[in-house]
Each structure stands twice: as C-alpha cells, then as structure tokens.
Amino acid sequence: MKTVSNLVSAERYDFPDSVRAFLPKFAVIPLRKAGDENFTCIVHENDMVTEGQIVGFSLKEGSTHKTYVHASVAGRIVSIGKCMLPDGTEGEGLKIRMEGAFSYLGKELRPVEWQWNSPELLLSTIEEKGIVNTFGKPKDLALQISECKISRGRFIVVRLYDDDPSHVTDSFVAKNHTAQVIEGIHILSLVLKTQGIVLLMQKKSALEIKDDEFGNIPVFKMEVDNRKYPSGLVQNIVEMVKNAPKESGQEIFNDISEFGLFVDPETLFTLYEGVVLGKPVLESFVHVSGNSIRGAAMLKVRVGTSIRSIVEQCGGFVVPPAKIIVNGIIMGAEVKSLETSITKSVKSVSFVPARNLSDDKSSPCIRCGKCRTLCPEGIYPDLMYRHSIGGKQVGSDMLASAMLCSGCGLCNSVCPSRLPLSQTIEQLRNKNEVK
C-alpha cells in the first residue's frame, strides 16, 4: 500500500469539548436525495411537528427496512420543496420554523437496560431512531446489518481515527466520548452476532480499552500511523489487518474482507444515544475550520441547520471563501451555497480562501504517469479518463479495475493537468459497462 505523509496541512486543534451550535430559526430537513424516487413524506405544510417526530421514510426495493427521517426541532412546517445537499447536489426537503417545546433538548434522558433486549428488538430500535453509518458514504445502519449475510469474517471493524487528515471529528468523538463509543460496540456486537472485533487506533493514542472489555468475543487491536494517507478506507484497513502479525488464536482475523461491518466513532455515539437513551439522530459533531473563518470550532449541530448559521457562530469571515468543502479537503465535496443544510452525515465544513487554492483550470493529459505511480490500488486513472472522454478506449478488464478504487483522491492531488480523475473513475463505477 502506497501512502503519502503531510498531504495537507491540517488544523490539528485539540478541542477540549464541543460547543452546541445555535438552534436554527428555520431548519431545512432533507428528505430526498437527487435521483432517489422512493421517499415518502408523511407530513404536510402548516403541520406542527415535535422534536424527534418521524416526518418521512424510504424503503429500498426488496427490503423491509425503512430509513426514517426525523424533525430535528419542534415547530411548524412552512414549506416542502427543493433544498441544497452537502454533497453539492439539490434534493427535496421540508422547512420547519422552530417554535414550541422540545422533547429531548434540556431533558434528562434515563438510560435503559438494553442488554436484556433481543437482537431483533435492538435492530428495530436502530431502524426507528434513523441511525446512519457515516463510515465512508453514509448508509442506513439497520439495513447494513440486515444485509450482512457472510458466515466467515463477520467482524465489526472500528476505525477510531479520521479518514481525511483535514478534519478531526472521529478522533474527537473517540477521545471525548470513549465510554459511549465502547457501549455502542457492545450493542452492535449483539445485534450483528459478530465473530470478532477489530479496533484500529492511531499511534500513541490515549484511548484505553481493556483487553477483556468484550468478554469472550475475539478482539484484534492495531495501531495505525494515520499521518500517512490513505490509512482509513476499507481497502487500506483490510490489507493492513491481513498483513499484521497476530498472536495465537487471532488467526481468525485473516478472514477480514470488505463485506464486514466498518464503523466510526460518530456512528457508535449515535447508536448509543438511540438505543440507550432512546434519542433519534437529531444532530452531528461538525469540525469547522479554514483560513476564511474567524474561529475554528467543534460544534454539535442540529440537522437542518444552514452553513450560514455556523459561520455566524464562528465569528464570520475574515476573507470571503473561494470554496466551501464538506467532509474533508481531500475526500469531501464542494458546496456553492451557505444555505446548504447540515445532515446526519456531515463531519466537517472547511472555508478555504483563494490564496490557499492552486490553479484548478484543467489542461490536456501530459502522460506523466504520476497518477499511476501513486495509486494505492494499482489503477490507471489516466487511461480511464481518456476512455471516458471518447479517446483511446480500454478493455473490459481495465474498466473492471475501477471497482478497486477506494475514492482516496490521490490521483487528483498529483495530476499537474488538474484532471478530475477520481470523479471519472467514480462515474465509471456507476455505469453499466463496469461489472
């Protein structure tokens, strides 16, 4: 596996705690992503909703599990229509004007004895509370669990550090909410009926997890140098664990594959809140950074809050941002509007001034080969790009190699022609010609 050190100059603030973001006067709750057609909205304009009330759901074809959306604030629905999504696309959502009493905020939430519940009942709770797995592309956690059918390598793989070196959200949650994260692993191990647990921690981590924390369930702990990139994606983790030396009795972890359940601290924290405290996913930890913003922060933000509101809480702009990037400088997406809503899957927002950006005008490929040399998966991004724009066509075997792409974006970072190589490979993955 090829890795790169110091790929970005990350703002490694050691936040002692998170700050609750301002409650939004209006919350815009996304209901439907671009291209999704199976979402059902169960409320109407002028309806009053309570905090945590289910307002919509989707149902994947062939599945019985619903993906629920909840109102993050109490108030009146003033409109249902288009909204901006944090992946840079446009979707459909409902706008709530905040008013009335809250059901969870400011209330003492009493823990329940979840250990006596059956795996089936716990899975139903995970579904009802709308818990999303934010490891990589966001996915409905209950659906992931129900679709995990493998008998060998049925592991829970926990990455306790950040996948993108430009934000610190997952490492913050792991450090500051360790007990909740550990309890989340306990819950998940019971629901998944796991064969083992893989814990990946950054080197010199201060996290303390006892060797016998999970009873008779086999546990494999591994320290990772997360200063090197990529080190937190599924392909990287599978390769590292397979190649790591193991003690007697740990050979079972050689069966690790991409078909296990990979989770991060933020997912486990929301799992804890949903199962133990009965609270649906109403907010996210968001790392706010960038040289355009007056102050960096770790905020706990209500779903549906606009990016504009975050800017105001952090003191406004020092200089106008040339780009607003969600979920990491390397792996994230650019958004064009400050009215974009924070969703369950948002971990960071970076405000980048023009002086920190290189020239992003593209030019023809110069065939330098840098993208091939640096690609951790041995893919030829330049050839796939040429294929996609109607140039020299490649064979089916070459196209099939696009399925190996982890989406790390290293090819983009070294391309002197500024070609959208990673995005092109993603498009090829989604086309029917790639099997």
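The structure we're discussing is the one just above.
Below or above, wherever it landed, is the structure these notes cover. These numbers come from a predicted model, not from an experiment.

### Quick word on helix α6 (residues 265-276)
Step number 1: Compared with an ideal rise of 1.5 Å per residue, which puts 12 residues at 16 Å, α6 spans 16 Å between its outermost C-alpha atoms and is within 8% of the ideal.
Step number 2: Among the 12 residues of α6, 12 are classified as buried, and the element is accordingly described as predominantly covered.
Step number 3: Listed as buried for α6 are Pro265, Glu266, Thr267, Leu268, Phe269, Thr270, Leu271, Tyr272, Glu273, Gly274, Val275 and Val276.
Step number 4: Where α6 ends, the next residue or the one after it, Gly278, has phi of about 70 degrees, a positive value.

### Some words on the environment of Lys25
Step number 1: Looking at the secondary structure, you find Lys25 in the loop between β2 (19-20) and β3 (26-32).
Step number 2: Among the residues examined, Lys25 registers a relative accessible area of 62% and is labelled exposed.
Step number 3: For the pair Lys25 and Glu99, spaced 74 residues apart in sequence, the C-alpha to C-alpha distance is 8.5 Å.

### Points about the sheet that holds strand β16 (residues 261-263)
Step number 1: Spatially, four strands are ordered β14-β13-β12-β16 in an open sheet, and the strand pairing comes out parallel. Two strands in the sheet have a free side with no partner beyond their single neighbour: β14 (219-224) and β16. Neighbouring strand axes in the sheet, compared pairwise and without regard to direction, differ in orientation by 15 degrees on average.
Step number 2: Pairing geometry for strand β13 (residues 196-202) and β14, over six bridges, is parallel. Each bridged residue has a counterpart across the sheet, and for Leu200 the counterpart in β14 is Met222.
Step number 3: Against the sheet, helix α5 (residues 234-243) engages β12 (155-159), β13, β14 and β16, with an angle of about 110 degrees to β14.

### Description of the nonpolar core
Step number 1: The biggest cluster of nonpolar side chains holds 43 residues, and the ones touching the most others in it are Ile126, Ile145, Leu188 and Leu271.
Step number 2: Only α1 (119-128), α2 (141-147), β12, α3 (169-176), α4 (178-192), β13, β16 and α6 provide two or more residues apiece to this core.
Step number 3: Ranked by residues supplied to this core, first place goes to α4 with seven residues.
Step number 4: Discounting chain neighbours no more than four positions away, the residues touching Leu271 are Ile126, Ile131, Leu141, Gly184, Ile187, Leu188 and Val276.
Step number 5: By size, the runner-up hydrophobic cluster in this structure holds 19 residues, among which are Ala21, Val301, Ile307 and Val326.

Reading the values: the criteria
- Residues numbered from 1 in each chain as written.
- Predicted model: local features only at pLDDT ≥ 70, side-chain atom pairs only at ≥ 80, totals over all residues.
- Heavy atoms only, no water.
- Helix = DSSP H or I, 4+ residues; strand = E, 2+ residues; numbered from the N terminus.
- Expected span 1.5 Å × (residues − 1).
- Buried < 20%, exposed > 50% of the residue type's maximum accessible area, 1.4 Å probe, protein only.
- Pairing = 2+ DSSP bridges.
- Axes fitted to C-alpha atoms, helices over the stretch in contact; angles between N-to-C directions.
- Contact = heavy atoms within 4.5 Å.
- Core = buried A, V, L, I, M, F, W, Y, C linked by side-chain atoms within 4.5 Å.

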